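# Fold and contact review
For reference, the chains in residue letters:
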Amino acid sequence: MRMGSYGNWNHSGLDQINKTNVVNLKVKFMASLSDPSRPSKGSQYFTPLVEDGFMYVGNQYQQYWKFDVRDEKPKPVWKFDAKVQGGAQSLHSVALLGNNMYINTGRDGPNPRLIAVDKNSGEVVFDVNTAIEGLAGSGHSAAPLAVKDKILVGSTGRNESGRGYVTAYSADTGKFLWRFSVIPEPGQPGSETWVDPRTMAFGGGGVWTEPSFDPETNLAYFGTGNPVHMFDPQGRPGDNLYTSSIIALDVDTGQLRWYFQTIANEGWDYDAVAITQLYDVNIGGEMRKVISQTNRNGFHYILDRTNGQFIKGEPFTEVNWTAGLDPKTGKPVDYDPGKTVQDYAGKAIKYGRKAIDVRPAHYGMPTFMPNTYDPSRGISYFQAMIGQGNYFNSRPADPAKGVPGTGFREIFCGSHTKDNAVEPVVRNITNPNCKVSHGLLGGIDVRTGSVVKKQESYYPAYSGVLGTAGGLLFMGDIMGKISAFDKDTMQELWSFETGTQFAGNPMTYSVNGKQYIALTLGGRPGRDEGSFPEAAAVPQNVMLVVFGL
């Protein structure tokens, strides 16, 4: 699995590559993952998997390779093409169970699927349509997760509309087993939190990342997306369950066992899809079974994973959308249960309200980029893009016509020349008044929830962080640089300029007694790189790169 464990630690016990010798890392081999018949550009998030000396890797067109990497060469064993339309982004990874490799297809094509491929032959075992209720327009971004005899997949509506789902299929046959809808059906528990039921059909709550799983509780823990339409809390009054939440599902039945909503009636795209991590930790002299999340809204949450009880919530960056969290409930202190439309700290986006400065800006906080948990240090290391943004609503919702409201967010440039419109100014580093974002590599003490390690950088990053027992953290930035950092001093010990965009989470493996670091290049062109013209100019090539001593 992509995170290496059901607890989503994203941590490796390998230590052959360590602080003393990481400076000697060099490229061992590379392999192109491009398709000559298609353009190379697309968001490449894929993390390779390695099992018994064989690597499984894919690209944004949902084409997959099995390579024999036992001799420091990428010898192709087979290639499988899922034959999807589009190709805007890769999935996070695949899942391996028994003799099969499991693939989700993305949100680009009209018919999302779950495919099982025989690991030995590369032939299809089953290929099932995962479209919600048989309708096109939904898809996947996360890798599947194999749990017992099931394959769990999360889905989201195309273009973030529709409703998020979690679905379970038989690992042997692909038979549909159960489905949980993040947005409840009318009359179900939680539906009362959508005051205008007409907004439920496009309510959002996409499931973008892989869950964690606890065999003791038999629960899988999923983070859910923001309510839709974004930036329009007035257009969908109510708490909007179960969006912007961590939900715990029984893997045998799909039944909801508990939930924790980070923000009710959320309005800034502060979803809760960052990966969750599971560990047992001593808090206040008591051993607790916890689940934690470094959330997009600027807080690190620690909950009891058996029942969802709030334990701690501490900010890891500057936050101004709320005055703080209630120490008993974990809800924002400015939450008013008597209101159907919230106005946290006076920062809610409302019709006619001028553009407002909200911190943190949602786009660079932890989402796809996973933390890494070091059990020996009791620290969860995270990566984020720190910034602030302007938010406003430009068109009210019209539920009678099924039309969601429309909002906007942009990089904060310190002044407003127009209200509720894009400012006619240069919005990047060439404007000295523009407060563009920067990168943050941090470490959170899991006992206190406080940031105890911190390293800021000029360039933001999207790769997430891989940690190893060698005392190292591996990550990459938007300029295409892959780096290794000392876990204790946060000093950069090694780096390599790949020359192409980079956003995939690195991984490490060992074969024939040698440790390697592997990653896929390809990046995520546009969007936030636009703040840095030099980053936008970096070429893009989709390829596999493997480093070793």
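Everything that follows concerns the structure shown earlier in this document.
Let us now look at the overall build of the protein. Counting its regular elements, the protein contains one helix and 37 strands. Taking the principal axes of the C-alpha coordinates as reference, the protein spans close to 65 × 55 × 55 Å. Relative to its full complement of 549 residues, the protein shows a buried share of 63%. Contacts spanning at least 24 positions in sequence make up 59% of the contacts within the protein whose residues lie at least 6 apart.

In a beta sheet, neighbouring strands pair by backbone hydrogen bonds and run either parallel or antiparallel. Across the sheet, four strands lie side by side as E3-E4-E5-E6; this open sheet has antiparallel pairing. Edge positions in the sheet fall to strand E3 (49-51) and strand E6 (75-81), since each has one partner strand and no second. Within this sheet the neighbouring strands show an average axis-to-axis angle of 20°, counted without direction. Across five bridges, strand E4 (residues 54-58) lies against strand E5 (residues 63-68) in antiparallel orientation. Looking at the pairing, Tyr 56 lines up with Lys 66 of E5.

In this structure, His 229 follows Val 228 across a cis peptide bond, with omega equal to 10°. Within the element layout of this structure, His 229 appears in the loop between strand E17 (219-223) and strand E18 (245-250). Going from Arg 359 to Pro 360, the amide bond is cis rather than trans, its omega being 0°. The phi dihedral of Asn 240 falls on the positive side, at around 60°, and the residue is not glycine. Checked against the element boundaries, Asn 240 lands in the loop between E17 and E18. On the basis of relative accessible area, Asn 240 is assigned to the buried category, the value being 0%.

Going through the model one piece at a time under the given rule, you end up with 28 aromatic pairs. Ring centres 6.3 Å apart and planes at 50° place the aromatic pair Phe 180 and Tyr 242 in the tilted group. Of this pair, Phe 180 sits in strand E15 (residues 176-181) while Tyr 242 sits in the loop between E17 and E18, placing them 62 residues apart in sequence. Across the pair, exposure class does not vary: Phe 180 and Tyr 242 are buried alike. Arranged with centres 5.9 Å apart and planes meeting at 90°, the rings of Trp 321 and Tyr 344 form a pair that is edge-to-face. One end of the pair, Trp 321, is in the loop between strand E23 (310-315) and strand E24 (356-358); the other, Tyr 344, is in the loop between E23 and E24, and 23 residues separate them in sequence. Its relative accessible area of 0% is what places Trp 321 among the buried residues. Among the aromatic residues, ring-to-ring pairing joins Phe 260, Trp 268, Tyr 270, Phe 299, Tyr 301, Phe 310, Trp 321 and Tyr 344 into one connected group. Positioned over the ring face of Tyr 165 is Arg 179, at 5.5 Å from the centre of the ring. The ring of Tyr 335 carries Lys 331 above its face, with NZ or CZ at 4.9 Å from the centroid.

For the rest of this paragraph, the subject is the nonpolar core. Note that soluble globular proteins tend to have their nonpolar side chains buried in a common cluster. Ranked by size, the top nonpolar core spans 32 residues in total, and within it Phe 67, Met 101 and Tyr 509 carry the most contacts. For this core, the element with the most residues is E4, which contributes four residues. Once residues lying within four places of it in the same chain are set aside, the contact partners of Phe 67 are Ala 31, Leu 33, Gly 53, Phe 54, Met 55, Val 57, Pro 74, Lys 75, Pro 76, Val 77 and Leu 544. Ranked by size, the runner-up nonpolar core spans 27 residues in total, among them Phe 260, Leu 303, Phe 310 and Ile 356.

Take Glu 51: it is sitting in strand E3. Once you skip the residues sitting within four places of it in the chain, Glu 51 turns out to touch Tyr 56, Leu 96 and Lys 119.

This part is about the pairing of strand E37 (residues 543-548). Among the six residues in E37, six count as buried, and that is most of the element. Burial along E37 is two-sided: the face carrying Met 543, Val 545 and Phe 547 and the face carrying Leu 544, Val 546 and Gly 548 are both buried. Here strand E2 (residues 26-32) pairs with E37 via six bridges, running antiparallel. Paired with Lys 26 across the two strands is Gly 548, which belongs to E37. Taken together, the six bridges between strand E36 (residues 514-521) and E37 define a ladder with antiparallel strand orientation. Looking at the pairing, Ala 518 lines up with Val 546 of E37.

The rules behind the values
- Residues numbered from 1 in each chain as written.
- Predicted model: local features only at pLDDT ≥ 70, side-chain atom pairs only at ≥ 80, totals over all residues.
- Heavy atoms only, no water.
- Helix = DSSP H or I, 4+ residues; strand = E, 2+ residues; numbered from the N terminus.
- Buried < 20%, exposed > 50% of the residue type's maximum accessible area, 1.4 Å probe, protein only.
- Contact = heavy atoms within 4.5 Å.
- Pairing = 2+ DSSP bridges.
- Axes fitted to C-alpha atoms, helices over the stretch in contact; angles between N-to-C directions.
- Phe/Tyr/Trp six-rings, centres within 6.5 Å; stacked < 30°, edge-to-face > 60°.
- Lys NZ or Arg CZ within 6 Å of the ring centre and 35° of its normal.
- Core = buried A, V, L, I, M, F, W, Y, C linked by side-chain atoms within 4.5 Å.

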